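Single-letter residue listing:
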Amino acid sequence: MGVLVVGSVGYDTVWTPMASGKDVRGGSATFSSISASYMTQVSIVAVVGDDFLQNHVGLLQGHGVDTSGLEVSPGKTFRWTGRYGAEDVNSRDTLETQLNVLAEFNPTLTPEQRRQDCLFLANIDPELQLQVLEQMDRRPKLVAADTMNFWIEGKRDALAKVIEAVDIIFMDEDEVRLYAQEPNLVKAARIIHDQGAKAVIAKRGEHGVLLFNQDMAFAAPAFPLDRVVDPTGAGDSFAGGFMGYLAETGDTTPGGFRRAAILGSVMGSFAVESLSVERLGGLAYQDLKGRFDAFVGLTTFNGLGPGESLPWRNKDGKL
Ligand code: AMP
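Residues numbered from 1 in each chain as written. Predicted model: local features only at pLDDT ≥ 70, side-chain atom pairs only at ≥ 80, totals over all residues. Heavy atoms only, no water.

### Here we look at the sheet that holds strand 3 (residues 20–26)
Spatial strand order, 3-2-6-7: four strands in an open sheet with mixed pairing. Here the strands that pair on one side only, and so sit at the sheet edges, are strand 3 and strand 7 (92–98). Across the sheet, the mean angle separating the axes of adjacent strands is 20 degrees when strand polarity is ignored. With five bridges connecting them, strand 2 (residues 10–15) and strand 3 associate as antiparallel partners. Bridging from a neighbouring strand, G10 pairs with G26 of strand 3. (Pairing = 2+ DSSP bridges. Helix = DSSP H or I, 4+ residues; strand = E, 2+ residues; numbered from the N terminus. Axes fitted to C-alpha atoms, helices over the stretch in contact; angles between N-to-C directions.)

### Observations concerning the pattern of salt bridges
Scanning all chains against the criterion turns up 16 salt bridges. A salt bridge links K22 to D23, with the nearest nitrogen and oxygen atoms 3.9 Å apart. Classification of K22 as exposed rests on a relative accessible area of 65%. D146 is paired through a salt bridge with K203; the nearest N and O atoms lie 3.0 Å apart. Residue D146 is found in strand 9 (residues 142–146), and its partner K203 is found in strand 11 (residues 199–203); the two are separated by 57 residues along the sequence. Across the pair, exposure class does not vary: D146 and K203 are buried alike. Through salt bridges that share partners, K22, D23, D51 and R79 make up one connected network. (Salt bridge = Lys/Arg side-chain N within 4 Å of Asp/Glu carboxyl O. Buried < 20%, exposed > 50% of the residue type's maximum accessible area, 1.4 Å probe, protein only.)

### Looking at the layout of surface pockets
By volume, the second largest pocket amounts to about 200 Å³. Along the walls of the second largest pocket sit Y38, M39, L263, V266, M267, Y285, L288, K289 and F292, which together make up its complete lining. Residues that form the lining of the second largest pocket fall into these classes: eight nonpolar, no polar and one charged. (1 Å grid on protein atoms, 1.4 Å probe; cavity = no way out; pocket = protein on both sides within 12 Å on 5 of 7 lines; lining within 4 Å. Points joined across faces, edges and corners; volume = space filled by probe spheres on them. Nonpolar A, V, L, I, M, F, W, Y, C, P; charged D, E, K, R; others polar.)

### Observations concerning the packing of aromatic side chains
A complete count under the given rule lists eight aromatic pairs for this structure. Plain terms: the ring middles of F150 and W151 are 4.7 Å apart, the flat faces sit at 85 degrees to each other, and that makes the pair edge-to-face. Owing to a relative accessible area of 33%, F150 belongs among the partly exposed residues under this scheme. Between F242 and F257, the ring centres sit 5.7 Å apart and the planes meet at 90 degrees, which makes this aromatic pair edge-to-face. Of the two residues, F242 is situated in helix 9 (residues 234–249) and F257 in helix 10 (residues 254–271); the sequence distance between them amounts to 15 residues. F257 matches F242 in its accessibility class, with the two residues each being buried. (Phe/Tyr/Trp six-rings, centres within 6.5 Å; stacked < 30°, edge-to-face > 60°.)

### Re empty space enclosed by the protein
Taken as a whole, this structure holds one cavity of 30 Å³ or more when the rule is applied. For the largest cavity, the calculated volume is near 50 Å³. Forming the boundary of the largest cavity are V9, G10, R25, G26, T30, F52, H56 and L60. Of all the secondary structure elements, the ones that give two or more residues to the lining of the largest cavity are strand 3 and helix 2 (54–62). A breakdown of the residues in the lining of the largest cavity according to their chemical character gives three nonpolar, four polar and one charged.

### Overview of the side chain of H63
Structurally, H63 can be placed in the loop between helix 2 and strand 5 (66–73). In this structure H63 comes out as buried when scored by relative accessible area, which is 18%. In this structure the side chain of H63 is engaged in a polar contact, spanning 3.1 Å, whose partner is the backbone oxygen of G281. Excluding anything up to four places from it in sequence, H63 contacts I34, S37, Y38 and G281. (Polar contact = N/O pair within 3.5 Å; in protein donor to acceptor, adjacent residues only side chain to side chain. Contact = heavy atoms within 4.5 Å.)

### Points about the nonpolar core
Core analysis: the largest hydrophobic core is formed by 53 residues, its most contacted members being F120, I168, F170, F242 and M243. Among the elements that line this core, the one with the most residues is helix 10, at eight residues. What F120 contacts, discounting residues up to four positions off in sequence, is V3, L4, V5, V6, S32, A144, A145, D146, F170, A239 and M243. Core analysis: the second largest hydrophobic core is formed by 43 residues, V132, I169, L185 and A202 among them. (Core = buried A, V, L, I, M, F, W, Y, C linked by side-chain atoms within 4.5 Å.)

### As for the site of the ligand
Taken together, 18 residues form the shell around the ligand, and within it S8, D12, G27, G233 and D236 come nearest. Within the backbone of G233, a nitrogen or oxygen atom sits 2.7 Å from an oxygen atom of the ligand. Every element with two or more residues in the shell around the ligand is listed here: strand 6 (78–84), helix 5 (149–154) and helix 9. At three residues, helix 9 tops the list of elements feeding residues into the shell around the ligand. Class assignment for the residues of the shell around the ligand results in eight nonpolar, seven polar and three charged. (Near = heavy atom within 4 Å.)

What follows is the structure, encoded as structure tokens:
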């Protein structure tokens, strides 16, 4: 069915222990739409300034992304600056967020975009996420949103409305705790679930993701890599892979969600292998298939076969 993505498109300045880059391609819609494009047709709604380079639009178009909803406004493109910890690459400090043209953005959907069945509200101002949702002709079959501490702290009320309206919410695990004001992740996810989101997906960096919904919890690991160059965009790429799979297959069964989580992890694992979108933007079928197969190897174990039992020693209540 394809997916409509609204989010940020911008330039990132990043320092990691392995690499650094100034004004490299970034933004939640950039990573998530490229990631989803490996599985489904993507259309984006976003804004850039008049300093945005035309060949950077070409990267999205090269992935078949419909960029007719990418508005160019007078002014500067969104910019984000972050630094990752030398000891713990999972820890990141945002040094600067310049919303620039994003601050005045009024997304307007094309008639075709209003009819999309699958909507991904990538990390962006929750008021813009709501504006996009309100423009849909009817409630899409599947609506998901991502967010971050910047909006949890700055636009909590609007974010609460987003959470009420979506099927799936993606957040970093610390953001799940921050939003729910509950230190235990399981309890915090339940609080968010009770506020409306049918599935809560807690992204845990190199520890993978935890997916909670009414009936189940599922854990997908991150792929063990010996070289993490730049974690920026891993979460967006995860969400893009997750949504790309669901949009293309329409499989929202528990099994579909589990496979979507693994495909999200596949895409996130590529995103961290380079600065910006260098690696994510240039994947071949063999790369994707090879990493998926490696995930199958990483996550599969045998449950009990017929007639088998486990050698627990306390069957009779004693060891
Ligand atoms: P992730 O590493 O998946 O959390 O996403 C990082 C991306 O999010 C970067 O490319 C940033 O440009 C983008 N980003 C950072 N802060 C914001 C924000 N407040 N709103 C929208 N996008 C943001």
